[in-house]
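# A structural walkthrough
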Amino acid sequence: SDAPSRRTRAAPRPRARAMFRRFSKSASRKGKTAYKFKFTFELANLTGIPAHVDHAALTFVRGAKSQTSAVVPVEECAAVWHDARASRLEFCVTLYKDSSGAFQTKQYALKAQGVTGAVDGATAANQQQRRKTFAKGVFDLASFASLDGVGVDAD
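Okay, so let's go over this structure. (Residues numbered from 1 in each chain as written. Predicted model: local features only at pLDDT ≥ 70, side-chain atom pairs only at ≥ 80, totals over all residues. Heavy atoms only, no water.)

Structurally, Thr-94 can be placed in strand β7 (residues 88-97). Among the polar contacts made by the side chain of Thr-94, one reaches the side chain of Lys-36 at a distance of 3.1 Å. For Thr-94, the residues in contact, after removing those within four places along its chain, are Ala-34, Tyr-35, Lys-36 and Lys-106. (Helix = DSSP H or I, 4+ residues; strand = E, 2+ residues; numbered from the N terminus. Polar contact = N/O pair within 3.5 Å; in protein donor to acceptor, adjacent residues only side chain to side chain. Contact = heavy atoms within 4.5 Å.)

Following the sequence through the fold, Ala-44 ends up in the loop between β1 (33-42) and β2 (45-47). The spatial distance from the C-alpha of Ala-44 to the C-alpha of Ala-84 is 9.1 Å, given a sequence separation of 40 residues. Not counting the four nearest positions on each side in its chain, Ala-44 is found in contact with Ala-79, Val-80 and Trp-81.

Here we come to the pattern of salt bridges. Under the counting rule described, the total for this entry stands at 2 salt bridges. Across the pair Lys-38 and Glu-90 runs a salt bridge whose closest N-O atoms are separated by 3.9 Å. Here Lys-38, found in strand β1, pairs with Glu-90, found in strand β7; they are 52 residues apart in sequence, far enough to count as distant. Using a relative accessible area of 57% as the deciding quantity, one classes Lys-38 as exposed. (Salt bridge = Lys/Arg side-chain N within 4 Å of Asp/Glu carboxyl O. Buried < 20%, exposed > 50% of the residue type's maximum accessible area, 1.4 Å probe, protein only.)

Take the pairing of strand β3 (residues 55-62) next. Burial of β3 is extensive: 6 of the 8 residues sit out of reach of the surface. Relative to strand β5 (residues 72-75), β3 runs antiparallel, the two sharing 2 bridges. Each bridged residue has a counterpart across the sheet, and for His-55 the counterpart in β5 is Pro-73. The pairing of β3 with strand β8 (residues 107-117) spans 6 bridges and is classified as antiparallel. Across the sheet, the residue bridging to Thr-59 is Lys-111, located in β8. Across 4 bridges, the pairing between β3 and strand β4 (residues 65-68) is antiparallel. Considered in β4, the bridge of Phe-60 is made with Gln-67. A loop of 2 residues connects β3 with β4, the two strands running antiparallel in sequence, and Gly-63 in this loop sits at a positive phi of about 60°. (Pairing = 2+ DSSP bridges.)

What follows concerns the packing of aromatic side chains. Applying the stated criterion across every chain, the model contains 10 aromatic pairs. Ring geometry for Phe-60 and Phe-91: centres 5.7 Å apart, planes at 50°, overall tilted. Highlighted residues: Phe-60 in strand β3 and Phe-91 in strand β7, separated in sequence by 31 residues. The same class applies to Phe-60 as to Phe-91, namely buried. If you follow Lys-97 out to its NZ or CZ, it ends over the ring of Phe-103, 5.1 Å from the centre. (Phe/Tyr/Trp six-rings, centres within 6.5 Å; stacked < 30°, edge-to-face > 60°. Lys NZ or Arg CZ within 6 Å of the ring centre and 35° of its normal.)

A few words on unusual backbone geometry. One non-glycine residue, Glu-76, lies in the positive phi region at around 55°. Located in the positive-phi region is Cys-77, a residue other than glycine, with phi close to 60°. Here Cys-77 is to be found in the loop between β5 and β6 (78-80). Under the relative-accessibility criterion, Cys-77 is labelled partly exposed at 34%.

All quantities given are derived from atomic positions and should not be read as evidence of function.
Dropping the structure here:
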């Protein structure tokens, strides 16, 4: 045929995009110092839960990373975590400090979720459970970090 051939450009593969994203992240961290922090959240109670929710859990999420509390029953629109081990969420976070001394922001979402399904003493990570978010907030963990060795309380 006499028609000129048209070459179409293939869409970039997801793997190639991920590679450039990593390069972009490392470039944005140039000249910054990395610090690892261990965050511990102690849960006490959650009030103002919608009347249709029978069991609740809290989940901290950043991208694919998440930490989920134990599932607790809701009574009179409130959930209470009585067990000290089940009420604790712990995770490690790397924060980057620039030359001005400020930490780069690191945002996590805290989701309050109603849980249905197999809730008898299991954690919300169980595959037989369904979770539906009824409240969500976003926190910058950099504002709770300190290098002086003193814990920062979030009241």
